[in-house]
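What the coordinates show
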Amino acid sequence: MNNEVYFLRLKTGEDIISEITTDDSTYTLLNPCKVLYLKGKNAGFISISLMQWVFGRICKDQVFDIAKSEVMTLTIPNKSLIEHYHDSVTHFNETESKSEVEYESLSDEEFSGEDVDEGLELIKKLLDIKTDKGSLH
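Residues numbered from 1 in each chain as written. Predicted model: local features only at pLDDT ≥ 70, side-chain atom pairs only at ≥ 80, totals over all residues. Heavy atoms only, no water.

**Comments concerning a nonpolar patch on the surface**
A grouping of Tyr 37, Ile 46 and Ile 48 is seen on the molecular surface, where their side chains present a nonpolar patch of about 300 Å² in accessible area. With relative accessibility at 42%, the residue Tyr 37 sits in the partly exposed group. (Patch = residues over 30% accessible without salt bridge, like charges linked within 9 Å, V, L, I, M, F, W, Y side chains within 5 Å. Areas by Shrake-Rupley, 256 points an atom, 1.4 Å probe, with all protein chains shown as cover. Salt bridge = Lys/Arg side-chain N within 4 Å of Asp/Glu carboxyl O. Buried < 20%, exposed > 50% of the residue type's maximum accessible area, 1.4 Å probe, protein only.)

**Concerning the pairing of strand E4 (residues 46–52)**
One ladder, built from seven bridges, connects strand E3 (residues 26–39) with E4; its direction is antiparallel. Bridging from a neighbouring strand, Val 35 pairs with Leu 50 of E4. Connecting E3 to the antiparallel partner E4 that follows it, the hairpin turn spans six residues, and Gly 44 within it adopts a positive phi of roughly 85°. (Pairing = 2+ DSSP bridges. Helix = DSSP H or I, 4+ residues; strand = E, 2+ residues; numbered from the N terminus.)

**With respect to the side chain of Ser 88**
Relative to the assigned elements, Ser 88 resides in helix H1 (residues 79–98). Of the residues examined, Ser 88 reaches a relative accessible area of 8% and is grouped as buried. Of note is the side chain of Ser 88, whose polar atom sits 2.9 Å from the backbone oxygen of His 84. (Polar contact = N/O pair within 3.5 Å; in protein donor to acceptor, adjacent residues only side chain to side chain.)

**Observations regarding the pattern of salt bridges**
For the coordinates displayed, the defined rule picks out two salt bridges. We note a salt bridge from Asp 15 to Arg 9, for which the minimum N-O separation is 2.5 Å. By relative accessible area, Asp 15 is classed as buried at 4%. A relative accessible area of 28% means that Arg 9 is categorised as partly exposed. The residue Glu 14 makes a salt bridge to Lys 34 at a minimum N-O spacing of 3.9 Å. Of this pair, Glu 14 sits in the loop between strand E1 (2–10) and strand E2 (15–22) while Lys 34 sits in strand E3, and the two are 20 residues apart along the sequence.

**Considerations on the pairing of strand E5 (residues 63–67)**
Across the two faces of E5 the burial differs, with Phe 64 and Ile 66 buried and Val 63, Asp 65 and Ala 67 not buried at all. Pairing between E3 and E5: five bridges, direction antiparallel. Paired with Thr 26 across the bridge in E5 is Ala 67.

What follows is the structure, given as structure tokens:
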């Protein structure tokens, strides 16, 4: 496995497409993208979109090691998905080089536990996520 593009389904339920290298216990993901499944324009169809697994604005280096035990399945994607992956990675790299993010720190007085609770509730409503502790498959 030398920097070939693979599709992975992680134990977390995430689907990832990435270039991969490996050793005995670890996969090294280079430019991993999360696969998003969206409702298609026509009934019964889905659309596939890719987004950076970890946004380049959070960490510039898009290389991540994960334990092989965290991967449920691994396979080679079809040719059109590999092309879409390469186009997406090129786009992400071009976009990241053009933009900068400003970070600001909040003091304890400015950010309370109530703010966190309210923020989490808002995110849950926006994403319509069930909060039970079951695993995703």
